[in-house]
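# Working through the structure, step by step
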Amino acid sequence: MKKIKPTIEQLQFLEWEIGVFFHFGIRTFFEGHKDWDGKIMPLSEFNPTQLDCYNWLKTAADSGAKYAILVCKHHDGFANWPSKFSDYHVGLTPWKSGKGDVVFEFVNACRRFNLKIGLYYSPAEAGYQKRTAQEYDNYFVNQISELLTNYGTIDYLWFDGNGSEGHEYDKPRIIATIRKLQPSILIFNMWDPDTRWVGNEAGVAGTLNVNQVTALDFSVLTGGKKDELSSTKFLPAECDFMMRNHNWFYSEYDVHTVKSVEELVGLYYYSVGCGSNFLINIGPDRRGLLPNVDSQRLLEFAAEIKRRFGNPISCQQETTENGIKITFDREQFVNHIIISEDLTDGDGVESFEILVQSGLLYRPTCVHTGTAIGNKRIIQIPYIKATAIIVNVIKSNGDYKLKTVDAFLVK
């Protein structure tokens, strides 16, 4: 397979690693409503009197996140900004006497905490079939233009394919508008994507995850059917999932399902540790604040990741003919190894092995074999004494370069 070179923005995306997703809108105020259920949600109920996006984004930053995404318009059509092209938006609610703008407050808070800004927009919404295709495309382009014109630089535009199955949009017009208004923006998963959905909402990329793909998972409603791409593309994956088990938006009845630190750490291994990004959703409550349990759990997770991987074992690193060797100043117990590949020219490594060297082994012994490495690969092995760790690339797609190999003893 021909190696595909990523853009600078794609490489930066992988370096972000952890993001926080915020599902917040009219549905926050209607317990039990589901996607596409058609239930009426009157604007009169939207009134988050304590809304504080600094509360949201400070928690995100303190958790180690490098980016955040706000749901600007979900499938219900409610706009979290005062849109001129809708009669279902925040400016027609009681909140701040119709003078509020959640998107404005969100982007300002992101900038205060130096977080990359992502905006979610559902292309489809309830009742869109009542308009002609051209009418709906005009509405789509007008709303996207508001989001990409009125709030400064936006780093990431997150399109949700749910509900768009089978609907034909004027893709060239839409993409041309986006690229003109925000030339450096990353687009998630649709039409002219820079990143891709991993294909599930469980937060799992898996050990076979690679960046070069020939097809995309489109939506949870397509039953696993992939959309074929016109050519092989470099599209890093993102693993989105919920802090709670059943709801993207806030619910007062599912606090008992908040994920444990152990489960979040496991998902970190299966996402970031498999070369993907980790995108965790929290639904702000009806006050407009993060639920205490959710925010505390996110911070506990961050502390555990720092405890595990904040201090690699001191070593000397040297480049070998087939990879990298790290040597310790004395024999050490090791049970985790993190490898990072330089992806400037694309995915290179297709298979590799990890060897351990120590006094009584007499010769280096293989303790792990793997496939792709990508931006980061976390490998957990049983405790073993080592004086050196050797990573050998067995098979590659053209030239490759490993950036770093780090060893850890995680107790």
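The structure contained in this document is the topic of the report that follows. Source: prediction; values computed, not measured.

Moving on to empty space enclosed by the protein. All chains considered together, the criterion is met by 3 cavities of 30 Å³ or more. For the largest cavity, the full set of lining residues is Met 243, Arg 244, Asn 247, Trp 248, Phe 249, Tyr 250, Ser 251, Asp 254, Asn 281, Ile 282, Gly 283 and Asp 294. Considered class by class, the residues forming the lining of the largest cavity number 5 nonpolar, 4 polar and 3 charged.

On to the pattern of salt bridges. Enumeration over the complete set of coordinates arrives at 17 salt bridges. Between Lys 58 and Asp 62 there is a salt bridge, with the nearest N and O atoms lying 2.7 Å from each other. Pair noted here: Lys 58 and Asp 62 are both in helix α2 (residues 53-62), with a separation of 4 residues, about one helical turn. Its relative accessible area of 43% is what places Lys 58 among the partly exposed residues. Residue Arg 307 is joined to Glu 304 by a salt bridge in which the shortest nitrogen-to-oxygen separation is 2.8 Å. A residue pair is termed a helical-turn pair when its members lie 3 or 4 positions apart in one helix, as Arg 307 and Glu 304 do in helix α7 (residues 292-309) at 3 residues. Look at Arg 307 and you get partly exposed, because its relative accessible area is 46%. Connected through salt bridges with shared partners, the residues Glu 31, Glu 252 and Arg 286 form a single ionic network.

Let's shift gears to the sheet that holds strand β3 (residues 116-121). On the basis of which strands lie adjacent, the open sheet formed by 8 strands has the order β5-β4-β3-β2-β1-β10-β9-β6 and parallel pairing. One side of each edge strand has no neighbouring strand; the edge strands of this open sheet are β5 (186-188) and β6 (196-197). Note that strand β1 (residues 18-22) and strand β2 (residues 67-73) share 4 bridges and pair parallel. Pairing of Phe 22 across the sheet is with Leu 70, part of β2. Running at roughly 65 degrees to β5, helix α1 (residues 8-16) makes contact with β1, β2, β3, β4 (156-159), β5, β9 (237-242) and β10 (277-282) of the sheet.

Another aspect to go through is the packing of aromatic side chains. Across all of its chains, the model carries 37 aromatic pairs by this definition. Taken together, a centroid distance of 5.5 Å and an interplanar angle of 70 degrees make the contact between Phe 24 and Trp 56 edge-to-face. Within this pair, whereas Phe 24 is found in the loop between β1 and α2, its partner Trp 56 is found in helix α2, the two being separated by 32 residues in sequence. Judged on exposure class, the residue Phe 24 and its partner Trp 56 are both buried. Summarising the aromatic geometry, the rings of Tyr 169 and Trp 191 are spaced 5.1 Å apart at their centres and angled 50 degrees between planes, so their arrangement reads as tilted. Residue Tyr 169 is located in the loop between β4 and α5 (171-181), and its partner Trp 191 is located in the loop between β5 and β6; the two are separated by 22 residues in the primary sequence.

Viewed as axis vectors pointing N to C, α2 and helix α3 (residues 102-112) meet at an angle of 35 degrees, and their least axial separation amounts to 9 Å. Relative to α3, α2 is oriented so that their crossing is right-handed. For the pair α2 and α3, the contacting residues are Cys 53, Tyr 54, Trp 56 and Leu 57 in the first and Val 102, Glu 105, Phe 106, Asn 108, Ala 109, Cys 110 and Arg 112 in the second. Looking at side-chain class alone, the contact of α2 with α3 contains 8 nonpolar, 1 polar and 2 charged residues.

A few words now on the environment of Lys 58. When the C-alpha positions of Lys 58 and Ala 109 are compared, they lie 8.2 Å apart, and in sequence the two are 51 residues distant. In terms of polar contacts, Lys 58 uses its side chain to reach the side chain of Asp 62, at 2.7 Å.

Now for the nonpolar core. Judged by nonpolar contacts, the single largest core of 76 residues is most densely connected at Trp 56, Leu 57, Phe 106, Ile 178 and Tyr 268. Looking at which element gives the most residues to this core, the answer is helix α4 (residues 133-149), with 7 residues. Phe 106 has contacts with Phe 22, Cys 53, Trp 56, Leu 57, Ala 68, Ile 69, Leu 70, Ile 117, Gly 118 and Leu 119, leaving out every residue within four places of it along the chain. Judged by nonpolar contacts, the second largest core, of 21 residues, contains Val 334, Ile 339, Ile 354 and Ala 386.

Taken as a whole and assessed by the stated rule, the structure comprises 0 disulfides. The thiol sulfur of Cys 53 is not disulfide-bonded, and the nearest other cysteine sulfur, from Cys 110, lies at 8.2 Å. The thiol of Cys 366 is not disulfide-bonded; the next cysteine sulfur, from Cys 274, is found 18 Å away. Its relative accessible area of 37% is what places Cys 366 among the partly exposed residues.

Two residues of an α-helix separated by three or four positions point the same way, owing to the 3.6 residues in each turn. The complete set of buried residues in α3 reads Val 102, Val 103, Glu 105, Phe 106, Val 107, Ala 109 and Cys 110. Contacts made by the buried residues of α3 are with β1, α2, β2, β3 and α4. Where α3 begins, the side chain of Asp 101 points an oxygen toward the backbone nitrogen of Val 103, at a separation of 3.1 Å.

In this section: the side chain of Gln 332. Residue placement: Gln 332 occurs in strand β12 (residues 323-341). For Gln 332, a relative accessible area of 15% translates into the label buried. Discounting residues that sit within four places of it in the chain, Gln 332 has contacts with Ile 313, Ile 384, Lys 385 and Ala 386.

It is at 9 Å that the axes of helix α6 (residues 261-270) and α7 come closest, and there the two elements cross at 60 degrees. If you check the angle between α6 and α7, you find them oblique. Where α6 crosses over α7, the two elements pack in a sense that is right-handed. Residues Val 261, Leu 264, Val 265, Tyr 268 and Tyr 269 of α6 form the contact with α7, whose own contacting residues are Arg 297, Glu 300, Phe 301, Glu 304, Ile 305, Arg 308 and Phe 309. For the contact of α6 with α7, the residue count by class is 8 nonpolar, no polar and 4 charged.

What counts and how
Residues numbered from 1 in each chain as written. Predicted model: local features only at pLDDT ≥ 70, side-chain atom pairs only at ≥ 80, totals over all residues. Heavy atoms only, no water. 1 Å grid on protein atoms, 1.4 Å probe; cavity = no way out; pocket = protein on both sides within 12 Å on 5 of 7 lines; lining within 4 Å. Points joined across faces, edges and corners; volume = space filled by probe spheres on them. Nonpolar A, V, L, I, M, F, W, Y, C, P; charged D, E, K, R; others polar. Salt bridge = Lys/Arg side-chain N within 4 Å of Asp/Glu carboxyl O. Helix = DSSP H or I, 4+ residues; strand = E, 2+ residues; numbered from the N terminus. Buried < 20%, exposed > 50% of the residue type's maximum accessible area, 1.4 Å probe, protein only. Pairing = 2+ DSSP bridges. Contact = heavy atoms within 4.5 Å. Axes fitted to C-alpha atoms, helices over the stretch in contact; angles between N-to-C directions. Phe/Tyr/Trp six-rings, centres within 6.5 Å; stacked < 30°, edge-to-face > 60°. Left-handed = near helix turned anticlockwise from the far one by under 90°. Polar contact = N/O pair within 3.5 Å; in protein donor to acceptor, adjacent residues only side chain to side chain. Core = buried A, V, L, I, M, F, W, Y, C linked by side-chain atoms within 4.5 Å. Disulfide = S-S within 2.5 Å. Parallel < 35°, antiparallel > 145°, perpendicular 65-115°, else oblique.

Bear in mind that shape data such as this cannot, by itself, settle questions of function.
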